[in-house]
Amino acid sequence: DELQGSKKGIVEVADVLVVNKADGETQTLARQTASEYKKAMGLLRKPSGWWGGRQRSEEDEKDSTCEAPATPPVLLVSAKTGFGIPDLWNTIVNYQLYAHSSC
């Protein structure tokens, strides 16, 4: 339906996907949701250097310190308990470094 199409479009442009509520009664559902998104992200084809919204040059491709993830990361977090928040923060920092570097 139309909502599913909108969701698909959002996922196609995402740089990171975060599934919240990985705690209590919703923990199992959150893990299943993250697993499904990881599978879906594996089907998407992102251009080389896509992370950070810019294309990489041939020089960048030779620099192994400028590695972008092959697909957008899918992170599982709990805002309530703090689970996964350090990983989310590290991903945000790495994204910023990549986006603003010469990579």
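Note that this is a predicted model, so its numbers are computed, not measured.

Concerning the nonpolar core
Listed in full, the nine residues of the largest apolar core are Ala14, Leu17, Val19, Ala22, Ala30, Ala34, Met41, Val74 and Leu76. When residues of this core are traced back to their parent elements, those giving at least two are strand S1 (17-19), helix H2 (27-43) and strand S2 (74-76). With three residues, the single largest contributor to this core is H2.

Describing the side chain of Asp23
For Asp23, the location among the structural elements is in the loop between S1 and H2. Buried charge Asp23 goes without a salt bridge, the closest partner of opposite sign being Lys80 at 4.7 Å. Residues within four places of Asp23 in sequence aside, it is in contact with Ser78, Lys80 and Thr81.

Topic: helix H4 (residues 85-100)
Compared with an ideal rise of 1.5 Å per residue, which puts 16 residues at 22 Å, H4 spans 23 Å between its outermost C-alpha atoms and is within 8% of the ideal. For H4, every residue scored as buried is listed here: Leu88, Thr91, Tyr95, Tyr98 and Ala99. An end-on view of H4 places all buried positions within 95° of arc, on one side of the element. Of the residues in H4, the exposed ones pointing more than 90 degrees away from the buried face are Pro86, Trp89, Leu97 and His100. For H4, the elements touching its buried residues are S1 and S2.

Re the side chain of Thr91
Along the chain, the position of Thr91 falls in helix H4. Accessibility expressed as a relative area gives 13% for Thr91, which makes it buried. A distance of 2.9 Å separates a polar atom in the side chain of Thr91 from the backbone oxygen of Asp87.

Some thoughts on the confidence of the model for the chain
In this model, the chain carries an average pLDDT of 78, and 65% of its residues clear a pLDDT of 70 or more. Averaged pLDDT values over the elements of the chain bottom out at 54 in helix H3 (residues 58-62) and peak at 95 in S2.

Overview of the environment of Lys39
Locating Lys39 in the fold gives a position in helix H2. Taking relative accessible area as the criterion, Lys39 reaches 61% and is therefore assigned exposed. Expressed as a C-alpha distance, the spacing of Lys39 and Val74, which sit 35 residues apart in the sequence, is 9.8 Å.

Analysis parameters
- Residues numbered from 1 in each chain as written.
- Predicted model: local features only at pLDDT ≥ 70, side-chain atom pairs only at ≥ 80, totals over all residues.
- Heavy atoms only, no water.
- Core = buried A, V, L, I, M, F, W, Y, C linked by side-chain atoms within 4.5 Å.
- Buried < 20%, exposed > 50% of the residue type's maximum accessible area, 1.4 Å probe, protein only.
- Helix = DSSP H or I, 4+ residues; strand = E, 2+ residues; numbered from the N terminus.
- Lys, Arg positive; Asp, Glu negative; His and termini not counted.
- Salt bridge = Lys/Arg side-chain N within 4 Å of Asp/Glu carboxyl O.
- Contact = heavy atoms within 4.5 Å.
- Expected span 1.5 Å × (residues − 1).
- Arc of directions from axis to C-beta.
- Polar contact = N/O pair within 3.5 Å; in protein donor to acceptor, adjacent residues only side chain to side chain.
- pLDDT = per-residue confidence, 0-100.

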